[in-house]
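# Structure at a glance
Read off the chains here:
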Amino acid sequence: MKIIYHHRTRGEDAQGIHIQSLQDAWSELGHEVHEVSLGRVQSGKSQPSNGHQKHSEGRGPLGSLIYEGLSLGYNVYGMHNLQKAIKEYQPSLIYERYCLNLTAGALAAGKHQIPFVLEVNSPLVDEMSKESGLIGRSVAQRCERLVLTKATRVVVVTDVLRKHYEQQGFDTSKFQVIHNGIDPHLFHPNVDARPIRERYDLADRCVIGFVGWARQWHRLDLLVDAYAKLPDRDRFAVLICGDGPAISGLREQAKTLGVADAVHFSGGLDHHEIPGHIAAMDIAVLPSIPVYASPMKLFEYMAMGKAVLVPDQPNLHEVIVAGQNGMFIPKDDPNGFARAVTELAINPALQQKISQGAIETIQQGKYFWTENARRVLQGVGLG
């Protein structure tokens, strides 16, 4: 089968990893995939590894106006390229990653009567309105309604996101919830942890870690603070993997609390370096994530058998069962975060139980990119 994957993403981050992983999965299943986009996405860096960005970071009103105008203008370029690709490849499916004001895929698919699957990772209109006061909100809403209405199938990454659109009046009977996944060849429990443990002189300490592009809203300050409060903290260490605007502040915080020698920072990492760093961890944390997200790092942590700590919110209850395959952190509660870290850190038996439960969840739920690719095709009757 021939599939066109259309997107407007150029980020060297988890979006790129997601895009490339799904295309590779279809290829692995024997399908022919053709990418139509602004440019070949680069998926080398694993940042931000939960697939979520603040879209308005560093963008003022003028920048927002320019961005919104360009996002609308792209549709002329995208429509031209899609029609050219349709004529050349005669695809059985057009798959598109949702972006603000992007309508080219839906219009091209409708014109040529080709099944159209739209993948939605976040409610962009609402999200960007809250972050930057979306200037063309009414236009963006009309574009969003057009693509969601015309799509043959809408893939959303959490049921929380599906309910968001249901509450907005959309018919979600054609919505399909497919959480993010992993490549089991990269992320598995048998990755050798020794090289990274030796690099940071972690010895046999219990390592509490995080992977991703560190922003202030990730609340990694809670992790550093929790470490500083651990009883007998010399038996533990912190490993923060990735770069980001929050790193300098975290370094200063560690110095101020007198724990800089035990809080380690890897700096930016390529995607192939991530498994070895996760392998060096015993406990993996997500102090804060968006309420609708399906964080890729969660599934990577779990596939590698790490005891995970995540915020207590509905989107994570879709995957995590407290005490079985993870533990919940009270949201926006620094003391509760410290208590949860302490409870898990000083209890190796609980760590082991959660570790095994996490591996079983990934295996039984088949949270793999190849399975996600298969589910998409089955959803439109092509599997």
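Below is a short write-up of the structure. As the structure is a prediction and not an experimental result, all values here were calculated from the model. (Residues numbered from 1 in each chain as written. Predicted model: local features only at pLDDT ≥ 70, side-chain atom pairs only at ≥ 80, totals over all residues. Heavy atoms only, no water.)

Take the overall build of the protein next. Secondary structure summary: the protein contains 15 helices and 12 strands in total. The C-alpha atoms of the protein give a radius of gyration of 21 Å, which matches the 21 Å a tight globule of 383 residues would have. On the principal axes, the C-alpha backbone points of the protein span a range of 65 × 45 × 35 Å. Put simply, the protein has 383 residues, and 59% of those count as buried. (Helix = DSSP H or I, 4+ residues; strand = E, 2+ residues; numbered from the N terminus. Rg over C-alpha atoms; globule rule 2.2 N^0.38 Å. Buried < 20%, exposed > 50% of the residue type's maximum accessible area, 1.4 Å probe, protein only.)

Scanning the entire structure with this criterion turns up 6 aromatic pairs. Ring centres of Tyr165 and Phe175 lie 6.0 Å apart, and the angle between their planes is 55°; this geometry places the pair in the tilted category. Here Tyr165, found in helix H6 (residues 159-167), pairs with Phe175, found in strand S6 (residues 175-177); they are 10 residues apart in sequence, far enough to count as distant. Relative accessible area serves as the criterion here: at 0%, Tyr165 is assigned to the buried category. With 5.0 Å between their ring centres and 40° between their planes, Phe299 and Tyr367 make a pair best called tilted. Here Phe299, found in helix H11 (residues 296-303), pairs with Tyr367, found in the loop between helix H14 (348-365) and helix H15 (369-379); they are 68 residues apart in sequence, far enough to count as distant. Of the two residues examined, Phe299 and Tyr367, each falls in the buried class. Every member of this aromatic cluster is reached through a ring pair, and the members are Tyr5, Trp26 and Tyr95. Above the plane of the ring of Phe170 lies Arg145, whose end atom (NZ or CZ) is 4.3 Å from the centre. (Phe/Tyr/Trp six-rings, centres within 6.5 Å; stacked < 30°, edge-to-face > 60°. Lys NZ or Arg CZ within 6 Å of the ring centre and 35° of its normal.)

This part covers the sheet that holds strand S3 (residues 93-97). Judged by pairing direction, the sheet is parallel, and its 6 strands sit side by side in the order S2-S1-S3-S4-S5-S6 without closing on themselves. Of all the strands in the sheet, just strand S2 (32-36) and S6 have a single pairing partner and so form its edges. This sheet shows a mean twist of 25° between the axes of neighbouring strands, independent of strand direction. Examined bridge by bridge, strand S1 (residues 2-6) and S3 share 4 bridges and lie parallel to one another. For Ile3, the partnering residue across the bridge sits in S3 and is Leu93. (Pairing = 2+ DSSP bridges. Axes fitted to C-alpha atoms, helices over the stretch in contact; angles between N-to-C directions.)

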